[in-house]
Amino acid sequence: MRLMAIAIVALAVVVGVAPQYTHCRTGASMSGGATKAATTGGAMNAPASVSAMASATATAQPMRCYWSARAEIGVAVPLALAGALLALSRRRETRRVLALLGATLGVVAMLVPTVLIGVCPTATAVCRTTMRPMLLAAGGLVVALCVAALVLNELRATDDGVSGTGGDARVAVAVAGPSAPGAAP
Amino acid sequence: MRLGRLTVLALRTAAGDPVRSWLIAVCAFAIAAFAVSTAILVRGGQESLHLAAARLGADVVVVPRGAATEVDGALLMGTVSRRWMPAADVARVAAVRGVAVASPQIYLESLSHASCCAVSDMFVVAFDPRTDFTVEPWLRRQLGGTLGVQQAVGGSQVTTPVNYNIMLYGYTMWLRGKLEPTGTNLDRSLFITLPTAYAMARASRTTAVKPLVIPKDRVSSVMVKVTPGADPARVAGAISRAVPGVSAVVRPQMFAVERTQIAGLLHVMLVVLAMLLALALVVLVLLLSMAAHERRRELGVLRALGASRGVVVVALLAEALVVACAGGLAGAAVAAFGVSLFHTLIATRLGIPFVYPGGGALTAEIVAGLGLSFLAVGVAAAVPALRVSGEEPALAMRE
Amino acid sequence: MSGSDEVQPPAGNGREPLVSLAGVSKVYEAPRSLPVAALREIDLEVAAGEFVVVTGRSAAGKTTLLNVIAGLSRPTAGAVRIGGTDLWRLPDRRRSRLRNATVGFVFQFPSLLPSLTVLQNVLLPLSLGPAESSAGNEHALALLDMVGLGGVERSHPRRLSAGQQQRVVIARALVNRPRLLLADEPTSNLDEQTEAEIMGLLERIHGETGTTVVLVTHAADLVGRGTRHLVMTDGAVRPAATLGRGCEDTPRGIS
C-alpha cells in the first residue's frame, strides 16, 4: 500500500511538472476573418505575414495546451496530497476515501487534455505528441493504482474481520485420542 | 492432477515467494514489452509504406534523375523537394510501350516553421484531373465526382474540418473531404487540381506576402500505370531509356531509403531483443533453479503421495508460467498502449513513417510477444524441473 | 554383516503377503567417500493386517527400508512387491499410481504444503489420483474429525501445532483408503502426551480399518504397540520378540 501511495505521489509530480515543458509556445491567433475558416495553415511564408492576413486586432495568445498544462497543476497538487496521506494513513475508511479521490483526480488528469480543455490540433505539435500521451498514461496509471489500493484495502478489512480461525485453531481444537469415541486405550 | 487444482497450487506457491515471483514476472514483462513494441513499430512502418505506395497507386513513378530519394522524402516525411522535369516528358512517358496512363503531379510547399495551431509545413500535391488515378478514384467513390477549381481534399491530419475553407497564399479553397491515414506526410498534405494550383499562383501575386511561383512547363513527377500484363520493371527500364534526364522507380523500390531505415531499425531491435532474452534467460534459470532446489523436499513429498515425474515437471512449469502470464500480459499491454499513445513522437524521433496496426495484425503481434515470453520462461523452468523430477524422492526428502 | 534371517509374518495366516522384499540391498554411492550400504540383502514379508514396529539405532537403515517399500528409493539389488506387483518393473507413472492408491505415508518431518489449507493438504493424494470426486471433500472432513481436527480445514498449517500437523498428515495418509500405512518416526518431534495420542490414533486406525501398518521408531517403549517387532542393525533386519515380549531382543541404549 505504501509503495502504491509513493508511486501515486511520483505520478502526481509528472502530471504537474511535465506539461509545463511540453506544451507549445505561445503562438499567434487570428481574430475575425472568414466564418468557418478554422485555420489558415500555410497562408504565411513568415510569421510577419500573419498580421498581413489577419485583421488589425491579431494578438499573441496562449494556446489551448498552455491552459491544459496550467490546469494539470490544479489536479497534481491535490493528487500528491492524497498520495502522501494514503501512505501515512492507518485508518481503513480514510484510505478508502483517499483512494477514491485519487482515482477521480486521475480521471480528471486524463480528461483535461482530451475533453475538458484539449491541446493543439496539429498532429506533430509537441503538446499532441508528448504532453497529451504522457498525461493519459500518467492518469491511467494513477487510476489503476488507486483502484488496486482500494481493492487491497477492502481485502485487508475482510481478512482482519474473518480470520479468527487461524490463530485460534491451536487452542480451540480438542485433542483426540482417549477422548474420541472408540479410541484405543 | 486436475488442471484446476494444479493452477491453484501454482498460484499459491507463487504467492508464497513474492520477491521471486515478481522477478520472474519482470523478466516476462520486459521480454513481452520489447518484443511487442518491436513488432508494432516495424509492422507500422512497413504498413505505412505500403499504404503510401497504394495511395499513389502508381506502378512506376518517374522523377527527375537523381531525385528519387528527395521525392520519397517529400511524400513520406514532408522534407522539401525542389526538383523539376520538363512537362513535355509527360507525353514522352505516355508514348512508351506498356504505359497505360501517365499522370503528372506538381509538389508545392506552403511554408516552414509555422506556429503551433496551424498545419505546419503543409505539403501540396497538384494533380491532372484528366489523367489522375491517385485521388480521383477516391473522389468518385466518396464525393461522386472530381474536384473543381478552388476545391481541395486533405490528408487525415489536416486540421481544418471538412467543408470548411482553407486558405493558402491568400487563396481560399473549399476542403471537400479527407483521405484515410497512411502514417506518412501524405496525411498532412493537400490535394488540388493543376488548374487550382495555377489559379492560386496567379492570385498569390496580389494576396500573399510572398507569391507562389510554379515554374512554367515543369512538373515534379509522373505517375504511371502500366497496361494489364505488362511487367512494371521492364516498362520502367524502357522509360529510363526513352526519356533522358529521368529515373523510373517501380513500386517495390519506392521509398527505398525509408525501407532501409525500417530494416535497419528492425535489425537493431532484434539484436537488443536477443541480448535481453539472453540476460532474462540467465536470470530466470537462476531464479527457477533456486526455487526448485528449495522445494526439493516438498516435491519429494508430492512424489511420495503419488505424483509421477511428469506431474512434478508440470507443477513447476505451471508455477513459472502462471507468473509469466501475468508479467507477459502486463508487458504486452504496456507496449501496445504505450506505442499507441506515443507513436507520433516515436516515429518522428526514429525518422520513419508509421501507422498503428489494425486489430488482426496487432493481435498477432501481441500473441507473438506473449509467446516469446512464455517460451523463455518455459525453457528456463524446464531445466530445473527435469533435473529435480528425476531425483530419487527419498533423496529429495532427505534435505 | 550380510543379509538377515528371512523375516516372515506369523505362521498360519495363509495369505499372500501384502509387502514382500526379496534380497533387497541399497547402497548409496557418494563422491569422494566410501559407498554406504543402507540395506543388506533383506528378505521381509508383511502380511495384510499386521502392525509391524521396526526399531533400531539412528542410521540403521529404517527410513531407507520404508522408502524402498514405498518405491521412493530404488534398491540396488533385489525385488520389492506390493500386493504381488514388482514395483520396479513398472514405469514411473504406474508405480506412482500404485503408490497413490495403496500406500499412505506419515513422515518424520513437517510435510504439509504451507501454501495449501489443511483440507487441501488432506485432499492432495486424491488430487494426484486418477479420479477425483466430490465425495472426496466429505471423506476428508470425516477424516479430520476422526483425528480430532474438525473445524480447522480452512486454516493453514503454520497455524497448527506440531501434533496437530501430524494428525493432518495421518488424515492425508488415509484419504485414499490405502492398504498400507508407512509411518517414519511419526512422534519423534512430539512431547510424551502427544506421542501417546498419535500412537493411540494409529492403533485405532489399524484396529478399526484393518490397514497394515509399518511403523519405524527408535523409541523402544513403542515396541509393545504393534503385533510384530523387527530390529534393524547396520542395514540388516531380524525379528525381535512379538507383542512386546522377549525384551532381551530389544536393542539396548535406544532412547
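Residues numbered from 1 in each chain as written. Chains lettered and ligands numbered in written order. Predicted model: local features only at pLDDT ≥ 70, side-chain atom pairs only at ≥ 80, totals over all residues.

Peer 1: Can you help me understand the overall build of chain C in this one?
Peer 2: When helices and strands are counted, chain C shows six helices and ten strands. Here chain C holds 255 residues, and 51% of them are scored as buried. In chain C, of all internal contacts separated by at least 6 residues, the share reaching a separation of at least 24 is 72%. (Helix = DSSP H or I, 4+ residues; strand = E, 2+ residues; numbered from the N terminus. Buried ≥ 20, exposed ≤ 12 C-beta atoms within 10 Å, placed from the backbone. Contact = placed C-beta atoms within 7 Å.)

Peer 1: Is there a simple way to think about the overall build of chain A in this case?
Peer 2: On a plain count of helices and strands, chain A comes out with six helices and two strands. When the helices and strands of chain A are read in sequence order from the N terminus, they spell out α-β-α-β-α-α-α-α. For chain A, buried positions account for 36% of its 185 residues. Considering only residue pairs separated by 6 or more positions, chain A has 79% of its internal contacts joining residues 24 or more positions apart.

Peer 1: In this structure, what is going on with the sheet that holds strand β4 (residues 123-127) of chain B? I would like to understand it.
Peer 2: Within a sheet, each strand pairs with its neighbour through backbone hydrogen bonds, oriented either parallel or antiparallel. All names here are of chain B. Ordered in space as β6-β7-β5-β8-β4-β3-β10-β1-β11, the nine strands form an open sheet in which the pairing is mixed. One side of each edge strand has no neighbouring strand; the edge strands of this open sheet are β6 (165-168) and β11 (246-250). Each strand of the sheet is rotated relative to its neighbour by a mean of 35°, with strand direction disregarded. Where β4 and strand β8 (residues 189-193) come together, five bridges link them in parallel fashion. The residue bridging V125 from the neighbouring strand is F191, located in β8. Strands β1 (60-64), β3 (99-109), β10 (221-226) and β11 of the sheet are contacted by helix α7 (residues 232-242), whose axis makes an angle of about 175° with β11. (Pairing = 2+ DSSP bridges. Axes fitted to C-alpha atoms, helices over the stretch in contact; angles between N-to-C directions.)

Peer 1: It is not clear to me how the pairing of β3(B) should be interpreted in this structure. Could you clarify?
Peer 2: If a strand is regular, its side chains alternate between the two faces of the sheet. All names here are of chain B. The element β3 is largely enclosed, with a buried count of eight among its eleven residues. Inspection of the sheet shows β3 paired to β10 by six bridges, in the antiparallel sense. Among the inter-strand pairings, Q105 is bridged to a residue of β10, identified as S221.

Peer 1: Teacher, can you tell me more about the interface of chain C and chain B here?
Peer 2: You'll often see interface size given as the accessible area lost when the parts meet. Counting residues at the interface gives 24 residues for chain C and 21 residues for chain B. Mapped by element, the contributors of at least two residues to the side of chain C that touches chain B are α1 (62-70), α2 (92-102) and α3 (118-128) of chain C. If one sorts the elements of the side of chain C that touches chain B by residue count, α2(C) sits on top with six residues. Of the residues belonging to the side of chain C that touches chain B, the class tally is ten nonpolar, eight polar and six charged. (Nonpolar A, V, L, I, M, F, W, Y, C, P; charged D, E, K, R; others polar.)

Peer 1: Got a minute to help me understand the packing of helix α2 (residues 18-56) of chain B against helix α10 (residues 309-350) of chain B in this structure?
Peer 2: Helix-helix packing is described using two parameters, namely the angle between the two axes and the distance between the axes. Residue and element names in this part refer to chain B. Two elements in contact, α2 and α10, have axes separated by 6 Å at closest approach and are oriented at 35°. Crossing handedness for the pair α2 and α10: right-handed. Taken together, the residues that form the contact of α2 with α10 break down as 23 nonpolar, five polar and no charged. (Left-handed = near helix turned anticlockwise from the far one by under 90°.)

Peer 1: Got a minute to help me understand the sheet that holds strand β4 (residues 77-82) of chain C in this structure?
Peer 2: Residues and elements named next belong to chain C. The strand order across the open sheet formed by four strands is β2-β1-β4-β5, and the pairing between neighbours is antiparallel. Each edge of the sheet is formed by a strand with only one pairing partner; in this case those strands are β2 (36-46) and β5 (85-86). For strand β1 (residues 19-28) and β4, the ladder comprises five bridges, and the chain directions are antiparallel. The residue of β4 that forms the bridge with A22 is A79.

Peer 1: Please explain the nonpolar core as it appears in this structure.
Peer 2: Inside soluble globular proteins, nonpolar side chains tend to come together where they are buried. Counting 138 residues, the largest nonpolar core has B:I24, B:I31, B:A32, B:V36, B:A320, B:V377 and C:L182 as its most contacted members. Broken down by element, this core gets its largest block of residues, 17 residues, from α10(B). Apart from the residues lying within four places of it in its own chain, the contact partners of B:I31 are B:L276, B:L277, B:A280, B:G331, B:L372, B:S373 and B:A376. In this structure, B:V61, B:A197, B:V219 and B:V222 belong to the second largest nonpolar core, which totals 63 residues. (Core = buried A, V, L, I, M, F, W, Y, C linked by C-beta atoms within 7 Å.)

Peer 1: What is the right way to read the packing of helix α1 (residues 2-22) of chain A against helix α3 (residues 64-88) of chain A from this model?
Peer 2: Residue and element names in this part refer to chain A. At a minimum axis separation of 8 Å, α1 and α3 run at an interaxial angle of 165°. Judged by the angle between their axes, α1 and α3 are roughly antiparallel. The hand of the α1/α3 crossing is left-handed. (Parallel < 35°, antiparallel > 145°, perpendicular 65-115°, else oblique.)

Peer 1: Help me out: how do you make sense of the environment of C:L66 in this one?
Peer 2: All names here are of chain C. Mapped onto the elements of the fold, L66 is located in helix α1. When the C-alpha atoms of L66 and G207 are compared, they prove to be 21 Å apart, with 141 residues separating the residues in sequence. Dropping the residues within four chain positions of it, L66 is found in contact with L182, D184, V214 and V216.

Peer 1: Looking at this model, I keep getting lost on the pairing of β1(B). Mind explaining?
Peer 2: Residues and elements named next belong to chain B. Burial analysis of β1 places five of its five residues in the buried class, which makes it a mostly covered element. Two strands pair when backbone bridges link them, and β1 and β10 are joined in this way by three bridges, in the antiparallel orientation. Bridging from a neighbouring strand, V62 pairs with V222 of β10.

Peer 1: Whenever I open this one, unusual backbone geometry confuses me. Can you help?
Peer 2: Backbone geometry follows two general trends: most residues other than glycine have a negative phi, and most peptide bonds adopt the trans configuration. Residue and element names in this part refer to chain C. Phi angles above zero are rare outside glycine, and R177 is one such case at about 55°. One can find R177 in the loop between α5 (162-174) and β7 (180-184). One non-glycine residue with positive phi stands out, namely E185, at about 45°. Within the fold, E185 resides in the loop between β7 and α6 (192-209).

Peer 1: What is the right way to look at the environment of A:G140 in this model?
Peer 2: With respect to the helices, strands and loops of the structure, A:G140 is situated in helix α5 (residues 126-162). Between the alpha carbons of A:G140 and A:R2 there is a distance of 19 Å; along the sequence they are 138 residues apart.

Peer 1: Sorry if this is basic, but what is going on with helix α8 (residues 256-294) of chain B here?
Peer 2: In an α-helix, one full turn covers 3.6 residues, which means residues spaced three or four apart are oriented alike. Here α8(B) spans 56 Å end to end across 39 residues, near enough to the 57 Å set by a 1.5 Å rise per residue. For α8(B), the full list of buried residues reads B:E258, B:I262, B:L277, B:A280, B:L284, B:L287, B:L288, B:A291 and B:A292. (Expected span 1.5 Å × (residues − 1).)

Peer 1: So what exactly am I meant to see when it comes to the confidence of the model for chain C here?
Peer 2: Residue and element names in this part refer to chain C. Mean pLDDT over chain C works out to 83, with 87% of the residues at or above the 70 mark. Taken as a whole, residues 1-5 scores under 50 in pLDDT and shows 15 contacts with residues more than four places along the chain or in a different chain. Predicted confidence is poor over residues 242-255, with pLDDT under 50, and the contacts of this stretch with residues over four places away or in other chains come to 25 contacts. Scoring of the predicted complex yields 0.76 for pTM and 0.84 for ipTM. (pLDDT = per-residue confidence, 0-100.)

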